[in-house]
Amino acid sequence: MPHDKDLLEEALAAAQRLGINAQIEQWQPNINGGHADAWIVFQLEGKKVRYTAEVKRGLRPVTLGAVIQQLQRLGEKPLLVADYVTPQLADTLRNHGIAFIDTAGNAYINHPPLLVWVKGERPIARAILQPTGRAFQASGLQVIFTLLCNPEEVDHPYREIADLAGVAHGTVGWVMAELPKLGFVGEFNKKRRLLQPERLLQQWVEAYARTLRPKLLLGRYKTETLDWWKTVDPNKYDLKMGGEGAAARLTNHLRPGTLTFFGTKAEPRFLLDQHLKTDQNGEVEIRRRFWQFKNPEPALAPTLLVYADLLAIGDARCLETAKLLYDQILVGFNK
C-alpha cells in the first residue's frame with residue numbers, strides 16, 4: 001500500500017539521523033515464490049548489505065509472534081520496519097535476533113563490527129489509520145477462517161459458507177466482494193478459487209490476535225495441575241481443545257503452560273471435574289467457538305486456529321511449535 005511505502009521512507013530518514021545510510025533497492029520484490037515489502041540496502045563499513053523488509057503498523061505483543069514468524073521466513077537478513085517499537089517489544093525482537101527500525105528512531109542492527117541498539121525514543125504523534133474494509137473485522141475474520149480451513153468452499157453458495165462460519169448471510173456477501181479486490185479470490189472457468197492463501201493466512205493471524213481473539217474470551221480459571229490435558233475428553237463437555245494443549249496433541253513437541261478450550265459456555269460439570277476456579281490470571285481459558293464445520297480431529301480446534309493462538313501467546317516454546325503446524329497447514333493449501 002502507498003502509505004506503507006511512506007512509513008518506510010520515514011523510518012529510513014530516522015535511521016539516517018542515527019548515522020545509518022539505507023535506501024530502498026526494490027519495492028515489493030518476490031521472495032521464494034512469496035513477497036516482501038522491500039529490499040533495503042544498508043551502507044555498512046563501506047560495504048553494501050541487503051535486508052528484506054516488512055512494514056508493520058500498530059505492532060502489539062499479541063501480534064508479535066505472527067510478525068516474528070513471517071520475518072524469519074523471509075531469509076537470512078529480515079528487517080522489521082514499524083511506526084513504533086516499544087521498549088518491551090524492542091527487547092523481544094533483539095532476543096529473537098530480528099533487526100528493526102521505526103519512525104521514532106528506535107533501531108536494532110547487528111552486523112559485526114556494526115551494532116546499533118536504540119530503544120525508548122518516543123513515538124511521533126500521528127493519525128490512526130482505520131481499516132479500509134470490513135473483511136478483516138471480527139465477523140469477516142470468521143468467514144476468512146472458514147475459507148482458509150476449507151478452500152473448496154470459496155465456490156460454494158454464500159448461505160452454506162455463512163452456516164459454516166457462524167455469521168449472517170449478508171456478511172459473506174460483503175467479504176466475498178472485498179477479497180477479489182485484495183487479490184485473494186479469482187474466477188477461473190466460471191469457478192471461484194482462493195488465491196495467495198499463505199499471504200491471506202499471515203494477514204488473518206495478525207488480525208485475529210488483534211480483533212477477534214479478545215472478543216472470544218468467556219472465562220479464565222486456575223487449576224491445581226495441567227497434567228489432565230493428556231486424558232481429558234473435551235467432547236464430553238461439548239468443548240474443543242485449542243492452544244497449547246491441542247498443539248501438544250498434534251505434534252508431541254510441547255509441554256503446555258496454558259490450556260485453551262472453545263465452546264458455547266463454561267460448562268459447570270467441566271469446571272467441577274477439573275477443579276477449576278475463576279481467576280483472571282489462570283492458566284485455563286474458555287473461549288467462544290465461532291466455527292460450525294467439522295474438524296478431522298473431533299476433540300480439537302482446527303489446526304489453523306491452534307497455530308494462530310500459539311502465535312498470539314508468542315513465547316519461544318509456542319513459536320517453535322507453531323513452525324511445525326505451519327508446515328501442516330501448507331500441505332492443506334497445496335492439495
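Below or above, wherever it landed, is the structure these notes cover. Given the structure is predicted, the values throughout are model-derived calculations rather than measurements. Within every chain, residues take consecutive numbers counted from 1 along the sequence as written. Local features in this predicted model are restricted to residues of pLDDT 70 or higher, and side-chain atom pairs are both shown and tallied only at a pLDDT of 80 or more, whereas totals for entire chains, interfaces and linings draw on every residue. To obtain the side-chain values, all non-hydrogen atoms of the structure were included, while hydrogens and water were left out.

### Section: the sheet that holds strand β15 (residues 277-278)
The pairing of strands in a sheet comes from backbone hydrogen bonds and takes either a parallel or an antiparallel form. Short version of the rule: Only when DSSP finds a minimum of two bridges between them are two strands counted as paired. For helices the rule is a DSSP run of H or I covering at least 4 residues; for strands it is a run of E covering at least 2, with both sets numbered from the N terminus onward. Contacts were defined at the residue level, with two residues in contact if any of their heavy atoms lie within 4.5 Å. All axes here are fitted lines through C-alpha atoms, helices being fitted over the stretch that makes contact, and every angle between N-to-C directions spans 0 to 180 degrees.
With mixed pairing, five strands are arranged side by side in an open sheet as β13-β14-β16-β12-β15. Every interior strand has two partners, whereas the edge strands, β13 (240-242) and β15, have only one. Bridge count for strand β12 (residues 217-222) against β15 is two bridges, and the pairing is antiparallel. In the sheet register, K222 faces β15, and the bridge partner there is K277. Sheet strands touched by helix α8 (residues 243-251): β13 and β14 (259-263). Its angle to β13, the strand with the most contacts, is close to 90 degrees.

### A few points about the pattern of salt bridges
Opposite charge on two side chains permits them to pair, given that their charged atoms come into close proximity. Spelled out, the test is: Any Lys or Arg side-chain nitrogen found within 4 Å of a carboxyl oxygen on Asp or Glu counts as a salt bridge. To sort residues, take the accessible area from a 1.4 Å probe on protein chains only and compare it with the maximum for the residue type: under 20% means buried, over 50% means exposed, and anything in between is partly exposed.
Throughout the structure, instances matching the rule amount to 11 salt bridges. D4 serves as the salt-bridge partner of R57, at 3.5 Å between the closest nitrogen and oxygen. Linking R57 in the loop between β5 (47-56) and α2 (61-72) with D4 in helix α1 (residues 2-17), this pair joins segments that are 53 residues apart in sequence. The exposure class assigned to R57 is partly exposed, which follows from its relative accessible area of 30%. Here E285 ties to R287 by a salt bridge, and the two come within 2.9 Å at their closest N and O atoms. Through salt bridges with shared partners, a single ionic network connects R213, R220, E285, R287 and D309.

### Considerations on empty space enclosed by the protein
Cut-off, in case you're wondering: Of the grid points, spaced at 1 Å and generated over the protein atoms alone, those admitting a 1.4 Å probe that cannot get out make up cavities, while open sets with protein on both sides within 12 Å along at least five of seven lines make up pockets; any residue with an atom within 4 Å of a point is treated as lining. Grid points are joined across faces, edges and corners, and a volume is the space filled by probe spheres set on the points.
If you walk through the whole model with that rule in mind, you get one cavity of 30 Å³ or more. In this model, the largest cavity occupies a volume close to 30 Å³. Mapped by element, the contributors of at least two residues to the lining of the largest cavity are α2 and α7 (197-212).

### Some details on the pairing of strand β6 (residues 78-82)
Counted residue by residue, β6 has five buried out of five residues, so it is predominantly covered. Of the two faces of β6, the one lined by P78, L80 and A82 and the one lined by L79 and V81 are each fully buried. Note: β5 against β6, five bridges, orientation parallel. Paired with T52 across the two strands is P78, which belongs to β6. Alignment of β6 against strand β7 (residues 99-102), held across four bridges, turns out to be parallel.

### Focus: the environment of A162
Following the sequence through the fold, A162 ends up in helix α5 (residues 158-165). Taking C-alpha positions, A162 is 9.2 Å from G173, a pair spaced 11 residues apart along the chain. Residues within four places of A162 in sequence aside, it is in contact with V167, A168, H169 and V172.

### Some thoughts on unusual backbone geometry
A positive phi is found at Q28, a non-glycine position, where the angle reads about 55 degrees. As for its placement among the helices and strands, Q28 is situated in the loop between β1 (21-27) and β2 (30-31). Despite not being glycine, H275 has its phi angle at roughly 55 degrees, a positive value. Counting through the fold element by element, H275 comes out in the loop between α9 (268-273) and β15. With a relative accessible area of 51%, H275 lands in the exposed category.

### Things to note about the nonpolar core
What counts here: Working definition of a nonpolar core: buried Ala, Val, Leu, Ile, Met, Phe, Trp, Tyr and Cys residues. They are joined through side-chain atoms within 4.5 Å.
W204 and F270 are the most contacted members of the largest nonpolar core, which totals 90 residues. Considering every element that reaches this core, the biggest residue donor is helix α11 (residues 316-333), with eight residues. Not counting the four nearest positions on each side in its chain, W204 is found in contact with F136, L141, I144, F145, L148, L304, L305 and A308. Formed by 23 residues, the second largest nonpolar core is a distinct cluster that contains L12, A15, L79 and V81.

### Re the packing of aromatic side chains
Each aromatic ring pair is summarised here by two numbers: the centre-to-centre distance and the angle between the ring planes. We count it as follows: In this scheme Phe, Tyr and Trp rings, the latter by its six-membered ring, pair at centre separations within 6.5 Å, and the angle between planes marks the pair as stacked below 30 degrees, edge-to-face above 60, and tilted otherwise. When the NZ atom of lysine or the CZ atom of arginine is within 6 Å of a ring's centre and also within 35 degrees of its normal, the charge is said to sit over that ring.
Summed over all chains, the structure comprises 15 aromatic pairs. Consider the rings of F145 and F293, whose centres lie 5.9 Å apart with planes at 35 degrees: the pair is tilted. Of the two residues, F145 sits in helix α4 (residues 138-149) while F293 sits in the loop between β16 (284-288) and α10 (303-313), which places them 148 residues apart along the sequence. F145 gets classed as buried once you look at its relative accessible area, which sits at 0%. Judged by its relative accessible area of 5%, F293 falls in the buried class. By way of ring pairs, the aromatic residues F145, W204, Y208, F262, F290, W291 and F293 are connected into one cluster. A cation over an aromatic ring shows up here: R50 above the ring of W39, its NZ or CZ 3.7 Å from the ring centre. Taking NZ or CZ as reference, R73 lies 3.9 Å from the ring centre of Y326, over its face.

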